Amino acid sequence: MSRIGKMPIAIPDGVTVTLNDNVITVKGPKGTLEKTLNPNVTVKIEDKVIKVEVTDEKFGNLHGLTRTLIHNMVEGVTNEFTRALQINGVGYRAQKQGTKLVMNLGYSHQVIMEAPAGITFDVPDANNIIVRGIDKEVVGQTAAVVRSKRPPEVYKGKGIKYVEEHIRRKEGKTGKK
């Protein structure tokens, strides 16, 4: 039995959870999420609490995973998920044009990204990007795609990095002796 999987999920006020066979739908103030669950996992909704159980112990690896996925759905429709990115480098900057993110990253052209469905980009200043959305998986994937447009390099630290990420810097070449 998974310790995480055994924990019940409280359903906050304003959130409705419906279960149709293996499809769980979570509706809240921020939006609606839907996910198809594995048939070897049973989900029970009782008195504002969701409980996850597995049919057989050999599927125990799905116990904690399913519980966490459902918890992230409930969390996402009440409070959005965010991922903050920071741009470092001379002349590197970002700006928002409608739903698009336009970045100058030292290439001969601008890098333009369209926001996926359910995702919004916030650009509080030219060197910071905030990715927002209700689906944690899509927010993380979108932030990773933005970061991959110019990953941080280790000599000068130029590029796009997560705000909480620490870049281990390397020392450059030394002159001849």
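That block above? That's the structure.
Residues numbered from 1 in each chain as written. Predicted model: local features only at pLDDT ≥ 70, side-chain atom pairs only at ≥ 80, totals over all residues. Heavy atoms only, no water.

(A) Inspection of the overall build of the protein chain at higher detail. Helix and strand counts for the protein chain stand at 3 helices and 13 strands. A compact globule built from 177 residues would reach a C-alpha radius of gyration of about 16 Å, whereas the protein chain, at 21 Å, exceeds it by more than 25%. Principal axes of the C-alpha set define a box for the protein chain whose edges measure 70 × 45 × 25 Å. Counting the 177 residues in the protein chain, one finds 33% classified as buried. Considering only contacts in the protein chain between residues 6 or more positions apart, those separated by 24 or more positions represent 50%. Summing over all exposed atoms, the protein chain offers an accessible surface of approximately 10,900 Å²; the carbon and sulfur share of this is 49%. Once the 28 positive and 19 negative side-chain charges of the protein chain are each reduced to a mean point, those two points are 12 Å apart. (Helix = DSSP H or I, 4+ residues; strand = E, 2+ residues; numbered from the N terminus. Rg over C-alpha atoms; globule rule 2.2 N^0.38 Å. Buried < 20%, exposed > 50% of the residue type's maximum accessible area, 1.4 Å probe, protein only. Contact = heavy atoms within 4.5 Å. Areas by Shrake-Rupley, 256 points an atom, 1.4 Å probe, with all protein chains shown as cover. Lys, Arg positive; Asp, Glu negative; His and termini not counted. Charge placed at Lys NZ, Arg CZ, Asp CG, Glu CD.)

(B) Up close: the packing of aromatic side chains. In this structure the tally under the stated criterion is 0 aromatic pairs. A cation over a ring is seen here: Arg83 above Tyr162, with NZ or CZ 4.0 Å from the ring centre. The residue whose ring lies beneath Arg150 is Tyr107, and the NZ or CZ to ring-centre distance is 4.3 Å. (Phe/Tyr/Trp six-rings, centres within 6.5 Å; stacked < 30°, edge-to-face > 60°. Lys NZ or Arg CZ within 6 Å of the ring centre and 35° of its normal.)

(C) A look at the nonpolar core. With 20 residues, the main nonpolar core has Leu85, Leu101, Met103, Phe121, Ile129, Val131 and Val146 as its most contacted residues. What Leu101 contacts, discounting residues up to four positions off in sequence, is Ala94, Gln95, Val111, Ile112, Met113, Phe121, Val123, Ile129 and Val146. Counting residues in hydrophobic clusters, the runner-up holds 19 residues, among them Val15, Val17, Ile24 and Val26. (Core = buried A, V, L, I, M, F, W, Y, C linked by side-chain atoms within 4.5 Å.)

(D) Just the sheet that holds strand 4 (residues 31-36), in detail. With antiparallel pairing, the 3 strands of this open sheet are ordered in space as 2-3-4. The open sheet is flanked by strand 2 (16-20) and strand 4, the only strands paired with a single partner. When strand polarity is set aside, the average angle formed by the axes of neighbouring strands in this sheet is 15°. As paired strands, strand 3 (residues 23-28) and strand 4 are joined by 6 bridges and run antiparallel to one another. Bridge pairing in strand 4 places Thr25 opposite Glu34. The strands that helix 2 (residues 61-78) touches are strand 3 and strand 4; relative to strand 3, the one it contacts most, it runs at about 25°. (Pairing = 2+ DSSP bridges. Axes fitted to C-alpha atoms, helices over the stretch in contact; angles between N-to-C directions.)

(E) Layout of the sheet that holds strand 5 (residues 41-46). A sheet is described by the order of its strands in space; here 3 strands give the open sequence 1-6-5, paired in antiparallel fashion. In this open sheet, the two strands that pair with only one neighbour each are strand 1 (9-10) and strand 5. Examined bridge by bridge, strand 5 and strand 6 (residues 49-54) share 6 bridges and lie antiparallel to one another. Looking at the pairing, Lys44 lines up with Lys51 of strand 6.

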